[in-house]
Amino acid sequence: MKRFSATIILLIILFLSCDDTNSETMASTSIVFNFTHSWDDTTISNTDFNTIKFINANGENLSISKLRYLISGITFVGNSGEELNLNAYNLVDLTNNSSLRYELQNAIPSGSYKNVKFTFGFNNEDNYNNYQDLNSASWNVPEMLGGGYHYMQLEGKFIDNTSSETGYAYHAIRAVDITGNTPVFQDTFFDINLGDIEISNNTTINIDMNVAEWFKTPNKWNLNQLNSALMPNFDAQISMFENGQNVFKLTSVD
């Protein structure tokens, strides 16, 4: 799922003209973001789904039956600080292996970048646009919770404290408190900074999501207490935001 501004070519020209590092490097290349997933040191795929085989930091045994999440705002930061912001988003869906490999629609200038970053979810400006593909994917957030779109849906089952299998739905959205007369919102999207990257011919940027971290740091997640109705739970959304800071990492650049 891709969305690009008609001004991207102009942005590239301006980027090249402003950035001293890239000013002599006019060649552009295709870029692929490749998303992998792990549970700590163990690689996971959808072939691992629907089997209780994972143990979270709280000692609860669980399975995964769905994992999909949104990334947006991909930005390339030149060595002199200029930013090339791509008006693009991608719904990564490990459930059916959709969009794990995300190729940018437009070529990116080759050269050294002091940072490549993207946003988990949507920022507020993008979140309240209308995206037909996300609507079709049932990615919307109910209007009573502020509207917009999900950032992540992670679902499965766990063994609860009665030794029964119980479903959980770990859904991340913009945090909202609807207990008062007026809803109170707090931003829970965040940027993932990949650091220095050298862009050359047909570069693939490999990024791993450690799913175990959603339940681990700094908030040890207790599924017996927090397993459903998490979207209207303001404090739970803030805890997800805090745990998400350690979830993504750059594994390699090919």
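Per an unreviewed UniProt entry, the chain goes by the name Copper-binding protein MbnP-like domain-containing protein and belongs to Hyunsoonleella pacifica.

## Concerning the overall build of the chain
Helix and strand counts for the chain stand at four helices and 19 strands. Counting only residues that meet the buried cut, the chain has 49% of its 254 residues in that class. Look at the contacts in the chain between residues 6 or more apart in sequence, and 71% of them connect residues 24 or more apart. For the chain, the exposed surface amounts to about 11,300 Å²; the carbon and sulfur share of it is 46%.

## As for the packing of aromatic side chains
Scanning the entire structure with this criterion turns up 21 aromatic pairs. With a centroid separation of 6.0 Å and an interplanar angle of 35°, the aromatic rings of Trp39 and Phe215 are classed as tilted. Of this pair, Trp39 sits in strand S2 (residues 31-39) while Phe215 sits in the loop between strand S18 (203-210) and helix H4 (234-244); the two residues are 176 residues apart in sequence, bridging distant segments of the chain. For the residue pair Trp39 and Phe215, the accessibility class agrees, reading buried in each case. Ring centres of Phe190 and Phe241 lie 6.0 Å apart, and the angle between their planes is 70°; on these two criteria the pair is classed as edge-to-face. Placement of the pair is Phe190 in strand S16 (residues 190-193) and Phe241 in helix H4, with a sequence separation of 51 residues. Judged by relative accessible area, Phe241 falls into the partly exposed class, the value being 25%.

## Considering H4
Burial analysis of H4 places eight of its eleven residues in the buried class, which makes it a mostly covered element. Burial in H4 covers these residues: Phe234, Ala236, Gln237, Ile238, Ser239, Met240, Asn243 and Gly244. On the buried face of H4, the contacting elements are strand S13 (165-172), strand S14 (175-177), strand S15 (184-186) and S16.

## Some remarks on the side chain of His37
With respect to the secondary-structure elements, His37 resides in strand S2. Overall, the relative accessible area of 2% leaves His37 in the buried class. Among the polar contacts made by the side chain of His37, one reaches the side chain of Tyr69 at a distance of 2.8 Å. Among all residues touching His37, those that are not within four sequence positions of it are Thr42, Thr43, Ile44, Leu67, Tyr69, Val92, Leu94, Leu100, Asp208 and Met209.

## Describing the side chain of Lys117
Inspection of the secondary structure puts Lys117 in strand S11 (residues 111-120). Lys117 gets classed as buried once you look at its relative accessible area, which sits at 18%. Within the structure, the side chain of Lys117 is placed 3.5 Å from the side chain of Glu83, a separation counted as a polar contact. Those residues in contact with Lys117 that sit more than four places away from it in its chain are Gly73, Ile74, Thr75, Val77, Glu83, Asp191, Ile192 and Asn193.

## Notes on the environment of Tyr151
Looking at where Tyr151 falls in the secondary structure, it is placed in the loop between helix H3 (132-136) and strand S12 (152-159). Taking C-alpha positions, Tyr151 is 6.7 Å from Phe120, a pair spaced 31 residues apart along the chain. Beyond its immediate chain neighbours, meaning those up to four positions away, Tyr151 contacts Tyr69, Leu70, Phe120, Gly121, Phe122, Asn127, Trp139, Ala172, Ile173, Arg174, Thr188 and Phe189. A polar atom in the side chain of Tyr151 sits 3.3 Å from the backbone oxygen of Phe122.

## Remarks on the nonpolar core
Phe33 and Phe76 are the most contacted members of the largest nonpolar core, which totals 53 residues. Here the element with the most residues in this core is strand S6 (residues 66-78); it accounts for five residues. Non-local contacts of Phe33, meaning those with residues more than four positions away in its chain, are made with Ile74, Phe76, Leu100, Arg101, Tyr102, Leu104, Val116, Leu194, Ile205 and Ile207. Residues Leu91, Tyr131, Ala137 and Tyr149 belong to the second largest nonpolar core, which totals nine residues.

## Looking at the pattern of salt bridges
All told, the structure shown has seven salt bridges when counted by the stated rule. Put simply, Asp40 and Lys216 hold a salt bridge, and the shortest N to O gap is 2.7 Å. Taken together, the residues span a long stretch of sequence, with Asp40 in the loop between S2 and strand S3 (42-43) and Lys216 in the loop between S18 and H4 at a distance of 176 residues. Judged by relative accessible area, Asp40 falls into the partly exposed class, the value being 33%. Its salt-bridge partner being Asp187, residue Arg174 comes within 3.2 Å of it at the nearest N-O pair. Taken together, the residues span a long stretch of sequence, with Arg174 in the loop between S13 and S14 and Asp187 in the loop between S15 and S16 at a distance of 13 residues.

Basis of the calculations
Residues numbered from 1 in each chain as written. Predicted model: local features only at pLDDT ≥ 70, side-chain atom pairs only at ≥ 80, totals over all residues. Heavy atoms only, no water. Helix = DSSP H or I, 4+ residues; strand = E, 2+ residues; numbered from the N terminus. Buried < 20%, exposed > 50% of the residue type's maximum accessible area, 1.4 Å probe, protein only. Contact = heavy atoms within 4.5 Å. Areas by Shrake-Rupley, 256 points an atom, 1.4 Å probe, with all protein chains shown as cover. Phe/Tyr/Trp six-rings, centres within 6.5 Å; stacked < 30°, edge-to-face > 60°. Polar contact = N/O pair within 3.5 Å; in protein donor to acceptor, adjacent residues only side chain to side chain. Core = buried A, V, L, I, M, F, W, Y, C linked by side-chain atoms within 4.5 Å. Salt bridge = Lys/Arg side-chain N within 4 Å of Asp/Glu carboxyl O.

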